[in-house]
Amino acid sequence: MLYLVHMTVSIPDNLPTAEADRIKAEEKAYSQNLQKSGKWPHLWRVVGEYANYSVFDVESNDELHDLLSKLPLFKFMKISVTPLAKHPSSIR
Ligand SMILES: O=C(O)C[C@H]1C=CC(=O)O1
């Protein structure tokens, strides 16, 4: 099942820089593992924002929720999820 996911990150100003950097490094490793596994096939930066559009390819709503809720930056994110279905005119 494919899902379009929009993530916006808002790290509080009072979070120490070293702590923010540590969480961002964890986030990078976590996301790169999921990309290598094929579960996170697209990750695109939104120009001019600390936000991304991603496509996840997972088995269920529950699996997606599990993966998203384990993002190291999860507590600093607003996330919206759009389930995707095959378009009848798509040639792929
Ligand atoms: O930077 C972001 O958009 C947030 C998050 C998503 C992947 C990652 O490495 O960080």
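Residues numbered from 1 in each chain as written. Predicted model: local features only at pLDDT ≥ 70, side-chain atom pairs only at ≥ 80, totals over all residues. Heavy atoms only, no water.

## Concerning the site of the ligand
- In the vicinity of the ligand, the contacting residues are Val 9, Glu 27, Lys 28, Ser 31, Trp 40, Leu 43, Arg 45, Tyr 50, Asn 52 and Met 77.
- Note that an oxygen atom of the ligand is positioned 2.7 Å from one of the side-chain N or O atoms of Arg 45.
- One of the side-chain nitrogen or oxygen atoms of Asn 52 is found 2.8 Å away from an oxygen atom of the ligand.
- Protein chains shield 88% of the accessible area of the ligand, which is 280 Å² for the free molecule.
- Here the shell around the ligand is composed, by residue class, of 5 nonpolar, 2 polar and 3 charged. (Near = heavy atom within 4 Å. Polar contact = N/O pair within 3.5 Å; in protein donor to acceptor, adjacent residues only side chain to side chain. Areas by Shrake-Rupley, 256 points an atom, 1.4 Å probe, with all protein chains shown as cover. Nonpolar A, V, L, I, M, F, W, Y, C, P; charged D, E, K, R; others polar.)

## Focus: the pattern of salt bridges
- Under the criterion given, the structure shown has 4 salt bridges.
- The residue Glu 26 makes a salt bridge to Arg 22 at a minimum N-O spacing of 2.4 Å. Linking Glu 26 with Arg 22, this pair stays in helix α1 (residues 17-37), spanning 4 residues, or about one helical turn.
- What makes Glu 26 partly exposed here is its relative accessible area of 37%. (Salt bridge = Lys/Arg side-chain N within 4 Å of Asp/Glu carboxyl O. Helix = DSSP H or I, 4+ residues; strand = E, 2+ residues; numbered from the N terminus. Buried < 20%, exposed > 50% of the residue type's maximum accessible area, 1.4 Å probe, protein only.)

## Regarding the confidence of the model for the chain
- On average, residues of the chain carry a pLDDT of 98, and 100% of them reach 70 or more.
- For this predicted complex, the interface confidence score (ipTM) comes to 0.97, while the overall pTM stands at 0.96. (pLDDT = per-residue confidence, 0-100.)

## Looking at the sheet that holds strand β4 (residues 77-84)
- What the 4 strands build is an open sheet, ordered β2-β3-β1-β4; its pairing is antiparallel. Each end of this open sheet is capped by a strand with a single partner; those strands are β2 (42-45) and β4. Along the sheet, successive strands turn relative to each other by an average axial angle of 15 degrees, direction set aside.
- Strand direction decides the pairing type here: strand β1 (residues 2-9) and β4, joined by 8 bridges, are antiparallel. Across the sheet, residue Leu 2 finds its bridge partner in β4, namely Leu 84.
- The strands touched by helix α2 (residues 61-69) are β1, β3 (51-57) and β4; relative to β1, the strand with the most contacts, the crossing angle is about 25 degrees. (Pairing = 2+ DSSP bridges. Axes fitted to C-alpha atoms, helices over the stretch in contact; angles between N-to-C directions. Contact = heavy atoms within 4.5 Å.)

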